[in-house]
Amino acid sequence: MSRVERRLHCPAQHSFDLAKQGYVNLLNRAAPANADSARMADARDRFLSAGYYEPICDAVVRASAGAEAAIAEVGAGTGYYLGAVVSELSPGSHLAMDISVAAMKRAARRGLACVVADTWQRLPIAEGCLDRLLCIFAPRNPAEFHRVLADGGRVIVVTPLSDHLRELRNRFELLGVEDNKLARLDESFDATGLELSSREELRFSITLDPAATTDLISMGPNAFHQHDQNYSESLSTRIAVAVSTYRKRHRE
C-alpha cells in the first residue's frame, strides 16, 4: 500500500482512512461478536499494566531477540507484549494486528503501528518479510505465519498449560484448557513448515485482589460466559504457560 496524507491506497484501488486514534481498519466488515469490547480492552490494560504477567512479557522479549528488521503481533490486544519488544529491541518496523477496534485504539496510544485485521484471513503483510511474529494467547494461523516469515524467521507463541489459573477456574467455573494442547500445536505448525526450536514453561503464583480478579476474568474469553459475578475475595492462583518458538525452515 502507499500512503497519501491520512489514507492508504492499494493497487486494486481500495483506500483506507487512518483513524484519528492512529490505527487503520482493514476489516471491510463489522467486527465479529467475540471481538474484544471496550470494557474488555480496558480490563486488559489495567491488569497487564499492574505487572501480573511481567514474567511472561520478559520471556517473550527474550524469545524475540534478533528481531532487527521487522516484527508483528497477531491478536495484539492493547499492545502490551509488542510494545515491550519494540521498546527493548528497536526493530526497523513493527505492526500490531487485532480484530478488535477497541483494542487497536489502545495499542495505538502506545505509539504502535496498528491495523484492524482478521488472523483467520490473509494477513496484511508481504510474503517473507518478518523476522519475528508474536502470537500471545491469540488465534493461530500457521499457514499465514509461514507465508509472512522470512526464511529462518521465528514465531513466538504463548499458550496456557493445563494448570493455568487452576484455582481461579475451579472457584468460578471458568473455561478449561485442553490437556494435549501443546502436541496439537506442534503438529499444526510442523505441517506448514514451522519447526519447534525452543520451549520455555513458566510457572509462578500471583495474588489477586477483587479488582484484579474482575479484570483478569473480564479481559478474555470468559467475559462472554461470566455475567454479574461478585468477585469479592482476594485469592492466589498459579500461572502456567508455555512460550514456544517455531522456526521457518529454509527453502531447499
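Everything numeric here is computed off the predicted structure, so don't read it as measured data.

### So, the overall build of the protein chain
Looking only at helices and strands, the protein chain has eight helices and 11 strands in total. Among the 252 residues that make up the protein chain, the fraction classed as buried is 50%. Partitioning the intrachain contacts of the protein chain with sequence separation of at least 6 by distance along the chain shows that 66% fall at a separation of at least 24. Surface accessibility of the protein chain: about 12200 Å² in total, with carbon and sulfur atoms responsible for 46%.

### Quick word on unusual backbone geometry
With phi around 50°, S90 is a residue other than glycine that occupies positive phi space. Here S90 is to be found in the loop between α3 (80-89) and β6 (93-98). Of note, the phi angle at L165 is positive, near 55°, even though the residue is not glycine.

### Considerations on the nonpolar core
Grouped together as the largest cluster of nonpolar side chains are 50 residues, with contacts concentrated most on F47, Y53, I56, Y81, L168 and L208. Element by element, the count of residues in this core is highest for helix α2 (residues 54-63), at six residues. The contact partners of L168, leaving out residues within four places of it in the chain, are E173, L174, L208, T213, L216, I217, L235 and T237. With 29 residues, the next largest nonpolar core counts L95, A117, F145 and V148 among its residues.

### What about the sheet that holds strand β10 (residues 194-208)?
Spatially, β4-β7-β6-β5-β8-β9-β11-β10 is the arrangement adopted by the eight strands of the open sheet, whose pairing is mixed. Since the sheet does not close on itself, it has two edges, and those belong to β4 (23-25) and β10, each with one partner. Recorded for the sheet is a direction-independent mean angle of 20° between the axes of neighbouring strands. Note that strand β5 (residues 70-74) and strand β8 (residues 130-136) share four bridges and pair parallel. From the neighbouring strand, A72 faces β8, where its bridge partner is L133. Of the strands in this sheet, β9 (149-160), β10 and β11 (235-248) are in contact with helix α7 (residues 181-190), which crosses β10 at around 150°.

### Focus on the packing of aromatic side chains
Each pair of aromatic rings is reported with the distance of its centres and the angle of its planes. According to the stated counting rule, one finds six aromatic pairs in the structure shown. Between the aromatic rings of Y80 and Y81, the centroid separation amounts to 4.9 Å while the plane-to-plane angle is 80°, which identifies the pairing as edge-to-face. With respect to burial, Y80 and Y81 carry one shared label: buried. Taking 6.1 Å as the distance between ring centres and 55° as the angle between the ring planes, the aromatic pair formed by F145 and F189 counts as tilted. A residue pair is termed long-range when its members are at least 10 positions apart, and F145 in helix α5 (residues 142-148) and F189 in helix α7 qualify at 44 residues. Cluster of aromatic residues (ring-pair linked, three or more members): F47, Y52, Y53 and F137.

Conventions we followed
Residues numbered from 1 in each chain as written. Predicted model: local features only at pLDDT ≥ 70, side-chain atom pairs only at ≥ 80, totals over all residues. Heavy atoms only, no water. Helix = DSSP H or I, 4+ residues; strand = E, 2+ residues; numbered from the N terminus. Buried < 20%, exposed > 50% of the residue type's maximum accessible area, 1.4 Å probe, protein only. Contact = heavy atoms within 4.5 Å. Areas by Shrake-Rupley, 256 points an atom, 1.4 Å probe, with all protein chains shown as cover. Core = buried A, V, L, I, M, F, W, Y, C linked by side-chain atoms within 4.5 Å. Pairing = 2+ DSSP bridges. Axes fitted to C-alpha atoms, helices over the stretch in contact; angles between N-to-C directions. Phe/Tyr/Trp six-rings, centres within 6.5 Å; stacked < 30°, edge-to-face > 60°.

Interpretation note: all reported values are geometric properties and have no functional meaning in isolation.
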